Amino acid sequence: TDLAFYLCLALDLLPSKDGKDLTKCFLLQVVNILLRYIKTTFDVKSKILDFHHPHQLLEGLDGFNLELSDHPESLEQLLVDCTDTLKYGVKTGHPRFFNQLSSGLDVVGLAGEWLTAAANTNMFTYEIAPVFTVMEMVLLKKMYEIIGWGETEADGIFAPGGSISNLYGVLVARYKQYPAIKRQGMMALPCIVLFVSEQGHYSVKKAAAILGIGTDNVIEVKCDERGKMIPAELEKNILQAKRKGHIPFCVTATAGTTVFGAFDPLHDIADICEAHRLWMHVDAAWGGGLLLSRNHSHKLSGIERANSVTWNPHKLMGVPLQCSAILIREKGLLEACNQMHATYLFQPDKLYNVDFDTGDRTIQCGRHVDVFKLWLMWKAKGTCGFEAQINGHMELAKYFYKVLKKKDNFKLVFDAEPEFTNVCFWYFPPRLKHIPEGFERDQELQKIAPKIKAQMTEEGTAMISYQPCGDKVNFFRMVVSNPATRQADVDYLIDEIERLGKDL
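Just so it is clear, the model here is predicted, and its values are computed rather than measured. (Residues numbered from 1 in each chain as written. Predicted model: local features only at pLDDT ≥ 70, side-chain atom pairs only at ≥ 80, totals over all residues. Heavy atoms only, no water.)

> Go over helix α9 (residues 203-210), please, and point to the residues and values.
Ser203, Val204, Ala207 and Ala208 are the residues of α9 that are buried. One side of α9 holds all its buried residues, which, seen down the axis, span an arc of 150°. On its buried face, α9 is in contact with α7 (162-177), β3 (192-197), β4 (218-221) and β5 (247-254). (Buried < 20%, exposed > 50% of the residue type's maximum accessible area, 1.4 Å probe, protein only. Helix = DSSP H or I, 4+ residues; strand = E, 2+ residues; numbered from the N terminus. Arc of directions from axis to C-beta. Contact = heavy atoms within 4.5 Å.)

What follows is the structure, encoded as structure tokens:
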């Protein structure tokens, strides 16, 4: 049978008449490939990636060719291709992958993703996604309650990532103030402006570009030394915009900034928004998960006063990508803003309650099922399981900070204890420690993080990101959001940076 299998092609699988045994054999082999991958992902001794440059992948690696052929290839070759795709990719579930805010490999979430793929349905109507559309409502209701809203007043939808959720926030904010825009377009509008902290996510500017508001009309508000929006600066910027004849309509506050992990003062911002009658959107894509922790949820105090919130369970909560929600405090707005009454999808005379047809609330028509894996993980962990996991991330970040603080060849970007799991720092090779602070030292320091990162990536030992910010030259940003990471892994990272950097 093995020999027969090697000679078989995809067209011999189900729904082919005699494809049942072959299909089972093929899928079991795929599962074996995946199980081997999962095993190596969690093995700290395995490489995070087997790095190759783009041109090497394009030219083809031994037995692995990305070019598409005119004729079908064997199932055996497809299995080789599956193995190699994982082999040359990045193991984002690896305990030493610190590169992105979304990391880890939750096995229950993975099972949920497999089931979702097998069901292969679309989220626009209850008609074709009966269980999933109801599940989405159950999850959204849970999230409203956690924020502090009543379910009868709130609304929401799962969207493809935080950038699209932020886009919805700005879109609905504008529609609320100028409903005529839906029909008349930009002609119906004066020159409107919105405000975001200078540390806010770039997706807010992108939303303004997409929606025809323009990036020039996104006003960046100054932050304090820890990266939090300064309320007095926001007030000043709003008054300045009004004096210029511009019309402010929205403020985006951030709960957990991408680089520093800062939380804007939400109550102060809410007061200003109420005084000026502005929509308040909170981008809690990264920090939203802290609402599940009784120890840390106070950092988002005031979020219940927001008009809309972005929250990505695929970040701090560790749900497999992608899983992001946009939550709107006023019921009916999402639908009013986006509905087009497509008669072939949203017929009013169906046999069930059509309130469960969610497709007219969205920008998309086709929408992937992102809720099942989250629902299954919530079942598996319970709210208290998520809380314990998140508290563990926070403890580990605190440990990392305390270790760095004692080392004289590392310097923290902020001396104070981190508010979140972001820990930002510089590494100083011995030769740089004797150069006095100033331009010359900064020029050299700027090159250190990229060099160490490049070597780390080529060796596949760990992954951590770096960036400059304002007047600060390149520094490392450590984030903890991976349940597989232990103290030994963060100790290893510090040793690895020293090993690769000491002679630079």
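> I'd love a proper account of the UniProt feature "modified residue: N6-(pyridoxal phosphate)lysine" (unreviewed entry) in the protein chain, names of residues and values included.
UniProt tags Lys315 as "modified residue: N6-(pyridoxal phosphate)lysine" (unreviewed entry). Looking at the element boundaries, Lys315 is found in the loop between β7 (308-311) and β8 (324-328). Beyond its immediate chain neighbours, meaning those up to four positions away, Lys315 contacts Leu101, Ser102, Ala285, Trp286 and Ser481. (UniProt positions renumbered as here; feature names shortened; annotations may be inferred.)

> Tell me about unusual backbone geometry, residues and numbers included.
Cis geometry marks the peptide bond from Leu14 to Pro15, where omega comes out at 10°. With respect to the element layout, Pro15 can be found in the loop between α1 (2-7) and α2 (20-41). Backbone torsion omega between Leu321 and Gln322 reads -10°, so that peptide bond is classified as cis. With a phi close to 40°, Asn120 is a non-glycine residue in the positive phi region. Along the chain, Asn120 turns up in the loop between α5 (107-119) and α6 (130-147). At Arg277, a residue that is not glycine, the phi angle is positive and equals roughly 55°. Looking at the element boundaries, Arg277 is found in the loop between α11 (266-276) and β6 (279-284). Take Arg277: its relative accessible area is 73%, and that puts it in the exposed class.

> Can you tell me about the packing of aromatic side chains, naming the residues and giving the values?
Counting across every chain of the model gives 16 aromatic pairs. When the ring of Tyr126 is compared with that of Tyr352, the centres are 4.8 Å apart and the planes differ by 55°; the resulting orientation is tilted. On the criterion of sequence distance, the pair formed by Tyr126 in the loop between α5 and α6 and Tyr352 in the loop between α12 (333-338) and α13 (371-405) is long-range, its members being 226 residues apart. Classification of Tyr126 as partly exposed rests on a relative accessible area of 27%. With relative accessibility at 17%, the residue Tyr352 sits in the buried group. With centroids separated by 5.5 Å and ring planes inclined at 65°, the aromatic side chains of Phe400 and Phe425 adopt a geometry described as edge-to-face. (Phe/Tyr/Trp six-rings, centres within 6.5 Å; stacked < 30°, edge-to-face > 60°.)

> I'd like to hear about the pattern of salt bridges, residue by residue, with values.
Under the counting rule described, the total for this entry stands at 26 salt bridges. With its nearest N and O atoms 3.5 Å apart, the salt bridge here joins Asp155 to Arg361. Separated by 206 residues along the polypeptide, Asp155 in strand β2 (residues 155-159) and Arg361 in the loop between α12 and α13 bring together distant segments of the chain. No difference in accessibility class separates Asp155 from Arg361, as the two residues are buried. The partner of Lys205 in a salt bridge is Glu220, with the nearest N and O atoms 2.8 Å apart. With Lys205 in helix α9 and Glu220 in strand β4, this pair connects stretches of sequence that are 15 residues apart. Using a relative accessible area of 33% as the deciding quantity, one classes Lys205 as partly exposed. The class for Glu220 is partly exposed, based on a relative accessible area of 41%. Within this structure, Glu127, Lys350 and Asp357 form a network of salt bridges that share partners. (Salt bridge = Lys/Arg side-chain N within 4 Å of Asp/Glu carboxyl O.)

> Can you tell me about the sheet that holds β3, naming the residues and giving the values?
With mixed pairing, the seven strands of this open sheet are ordered in space as β2-β8-β7-β6-β5-β3-β4. Sheet topology places β2 and β4 at the edges, where each strand pairs with a single neighbour. In this sheet, neighbouring strand axes are inclined to one another by 20° on average, regardless of whether the strands run parallel or antiparallel. Pairing between β2 and β8: five bridges, direction antiparallel. Paired with Ala159 across the strands is Ser324, a residue of β8. Seen against the sheet, α7 touches β2, β3, β5, β6, β7 and β8 and runs at an angle of roughly 175° to β6. Along the sheet, α11 makes contact with β5 and β6, crossing β6 at roughly 155°. (Pairing = 2+ DSSP bridges. Axes fitted to C-alpha atoms, helices over the stretch in contact; angles between N-to-C directions.)

> An account of the domain arrangement of the protein chain is needed here, citing residue identities and associated values.
Domain boundaries in the protein chain define domain 1 (1-82), domain 2 (122-368) and domain 3 (379-502). Put simply, the middle of domain 2 and the middle of domain 3, counted by C-alpha atoms, are 31 Å apart. Opposite the 26 residues of domain 2 that make contact, domain 3 presents 26 residues. When domain 2 packs against domain 3, the two sides together hide about 2,200 Å² of surface, and 61% of this comes from carbon and sulfur. When the area that domain 2 buries against domain 3 is broken down by residue, the three leading residues are Arg226, Val259 and Phe260, summing to 28%. In this assembly, domain 2 and domain 3 are joined by two salt bridges. Two residues, Lys228 and Glu419, come together in a salt bridge whose shortest N-O distance is 2.9 Å. There are nine residue pairs in polar contact (both at pLDDT 80 or more) connecting domain 2 and domain 3. Residue composition of the side of domain 2 that touches domain 3, by class: nine nonpolar, 10 polar and seven charged. (Domains from an automatic or database assignment. Buried area = accessible area lost by both parts, 1.4 Å probe. Polar contact = N/O pair within 3.5 Å; in protein donor to acceptor, adjacent residues only side chain to side chain. Nonpolar A, V, L, I, M, F, W, Y, C, P; charged D, E, K, R; others polar.)

> I'd love a proper account of the nonpolar core, names of residues and values included.
Of all hydrophobic cores here, the largest spans 60 residues; its most connected members are Val282 and Leu327. With eight residues, α13 is the largest single contributor of residues to this core. Of the residues that make up this core, three or more belong to each of domain 2 (122-368) and domain 3 (379-502). Aside from chain neighbours lying at most four places away, what touches Val282 is Ala253, Ala255, Leu266, Ile303, Ala306, Ser308, Val309 and Thr310. In terms of nonpolar packing, the next biggest core, distinct from the first, is built from 39 residues, Phe98, Ala462, Cys469 and Phe476 among them. (Core = buried A, V, L, I, M, F, W, Y, C linked by side-chain atoms within 4.5 Å.)

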